[in-house]
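Breakdown of the fold
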Amino acid sequence: MKKFLAVVLSAAMVLSLAACGGSDDKKETQPKAQTEAKQAETKQTEETTTKSAGETEGQTQDPAADGEDHTYELEYWANLTPEDIVKWNAPNDYKKIGMLVPDGTNEFYVGIANTAEKIFAEAGYELVWTGISGNTEAAVNAVDTWVTQGVDALVVMATDNSCEQACLRAMEAGVLVVLGSTTFESYHVWCCQDYYDIGMQTAKMAADWLTENYGDDAAYLTIGAQAVELQTLKTQGIQDGMEKYYPKGTCVGQIITAGDPTNEVETLLSQHPETVAVVTWHTNFSLPALQVAKSMGYKAGEFFVFGSQMTAQSQIEIADPDSMYVSDTWMGDQGKQYANVVLSLLSGGEITHWDYAPAYVVNGDNVDTYYEDYYKWLETQ
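Reading the values: the criteria
Residues numbered from 1 in each chain as written. Predicted model: local features only at pLDDT ≥ 70, side-chain atom pairs only at ≥ 80, totals over all residues. Heavy atoms only, no water. Buried < 20%, exposed > 50% of the residue type's maximum accessible area, 1.4 Å probe, protein only. Helix = DSSP H or I, 4+ residues; strand = E, 2+ residues; numbered from the N terminus. Pairing = 2+ DSSP bridges. Right-handed = clockwise from strand over helix to strand, strands pointing away. Phe/Tyr/Trp six-rings, centres within 6.5 Å; stacked < 30°, edge-to-face > 60°. Lys NZ or Arg CZ within 6 Å of the ring centre and 35° of its normal. pLDDT = per-residue confidence, 0-100. Contact = heavy atoms within 4.5 Å. Salt bridge = Lys/Arg side-chain N within 4 Å of Asp/Glu carboxyl O.

Burial analysis of strand 10 (residues 250-256) places six of its seven residues in the buried class, the great majority of the element. As paired elements, strand 9 (residues 219-224) and strand 10 share six bridges and run parallel to each other. Looking at strand 10, one finds that Leu 221 is bridged to Gly 253. For the crossover that starts at strand 9, traverses helix 8 (residues 229-245) and ends in the parallel strand 10, the hand is right-handed.

Turning our eyes to something else, we now look at the packing of aromatic side chains. Scanning the model with the defined rule gives 20 aromatic pairs in all. Here Tyr 214 and Phe 304 contribute two aromatic rings whose centre-to-centre distance is 5.5 Å and whose plane-to-plane angle is 70°, an arrangement assigned as edge-to-face. Of this pair, Tyr 214 sits in the loop between helix 7 (195-213) and strand 9 while Phe 304 sits in strand 12 (residues 304-308); the two residues are 90 residues apart in sequence, bridging distant segments of the chain. Taken together, the ring pairs in this structure connect Trp 330, Tyr 360, Tyr 370, Tyr 371, Tyr 374, Tyr 375 and Trp 377 into an aromatic cluster. Here Lys 204 stacks its cationic end above the ring of Tyr 245, 5.8 Å away from the centre of that ring. Above the face of the Tyr 375 ring, Lys 336 is positioned so that its terminal group lies 4.0 Å from the ring centre.

Our focus in this paragraph is the confidence of the model for the protein chain. Per-residue pLDDT for the protein chain averages 84, and the proportion of residues at 70 or more is 82%. Below pLDDT 50 for its whole length, residues 1-58 participates in 132 contacts with residues either more than four positions away or in separate chains.

One pass over the structure, following the stated rule, counts five salt bridges. Among the salt bridges present, the one from Asp 144 reaches Arg 169, with a minimum N-O distance of 2.9 Å. Residue Asp 144 is found in helix 5 (residues 136-149), and its partner Arg 169 is found in helix 6 (residues 164-172); the two are separated by 25 residues along the sequence. Lys 248 serves as the salt-bridge partner of Asp 216, at 3.5 Å between the closest nitrogen and oxygen. A residue pair is termed long-range when its members are at least 10 positions apart, and Asp 216 in the loop between helix 7 and strand 9 and Lys 248 in the loop between helix 8 and strand 10 qualify at 32 residues. You can call Asp 216 partly exposed: its relative accessible area is 32%.

Our focus in this paragraph is the pairing of strand 6 (residues 153-156). Side chains Ala 153 and Val 155 project from strand 6 onto one buried face, and the interleaved Leu 154 and Val 156 project onto a second face that is buried too. Bridge analysis of strand 4 (residues 96-101) against strand 6 gives four bridges, and the strand direction is parallel. From the neighbouring strand, Ile 97 faces strand 6, where its bridge partner is Ala 153. In this sheet, strand 7 (residues 176-180) lies alongside strand 6 in parallel orientation, the contact comprising four bridges. Counted as the bridge partner of Leu 154 is Val 177 from strand 7. Regarding the hand of the β-α-β motif, the stretch spanning strand 6, helix 6 and strand 7 is right-handed.

Structure below.
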């Protein structure tokens with residue numbers, strides 16, 4: 001099965017729309033048909049994909065099940081379907097794992113790497129990792145170097161396909177390749193999320209809270225990005241979700257940015273002082289928006305921030321009853337997900353070709369217990 005994620009828009013694109021439901025030229029540039037197709041495919045995948053290791057609804061794909069060893073065959077792995085169960089015949093035993101994250105200075109990604117490093121260390125494996133941070137040449141060199149020196153597996157959180165050829169070379173060398181974020185032509189397991197649904201669930205979280213605690217017709221703004229397809233899907237999910245779950249509300253603007261949204265948030269709040277909420281899918285957007293609201297004199301109880309991809313800082317804000325930061329959607333501990341998938345396969349376990357992580361709401365009611373609550377809840381899904 002061919003993988004659907006692709007780079008769709010320039011990372012430098014910065015747009016600010018004056019209204020959410022309009023039909024101006026800028027909004028028409030969004031890949032609507034592609035997004036709708038993705039929504040349908042994602043929904044079907046969610047219904048059929050096994051959620052975690054140990055569930056065997058699909059066909060077990062053992063590289064030696066038919067008497068032949070397919071470990072090094074890229075085409076074999078490229079033709080797996082999402083629900084197929086992967087079993088790995090590990091040809092190496094270096095006790096070493098390589099990991100690429102999008103940004104080695106970002107708190108969110110550093111947290112993922114640190115968590116994975118701890119879990120790998122407890123299992124007797126060394127984790128070496130680096131941030132891509134826009135330097136694709138360095139990322140490719142890192143992968144090639146790790147493979148040459150000897151690693152059992154690679155965890156690759158790339159947001160585009162710039163590292164694809166290096167990862168394919170790793171597969172040909174017998175290295176287990178586990179992907180996060182975007183996908184390549186061939187890989188062993190994708191630790192995936194339903195990106196459109198993340199946006200929808202974030203919007204539902206905000207809409208439900210606003211309806212119950214403030215009213216059903218408040219003014220709000222959204223923040224998103226469209227540099228790559230996964231960002232476009234999350235952004236579209238938030239926009240569609242607010243229209244669906246908060247139909248009486250008024251969206252004063254959609255900020256589409258590749259960077260810090262501070263200036264755009266300041267502009268929109270100045271132009272629309274009736275705005276009471278910001279809804280976005282990443283703390284890279286929600287935390288700056290929170291700082292803008294603080295600097296403009298807004299207070300808890302009169303302004304509300306809703307985000308996703310929870311970090312230590314957003315957790316602190318959610319736990320603070322005097323903060324305007326209300327809640328995040330959380331897709332589980334990604335560092336734990338990556339480490340558990342790799343360790344399970346290296347030890348002879350089975351994992352679905354797509355290892356799916358659903359979204360979970362973290363707010364003031366469960367911020368102290370959300371970690372344990374999530375994994376208990378996950379067992380029921």
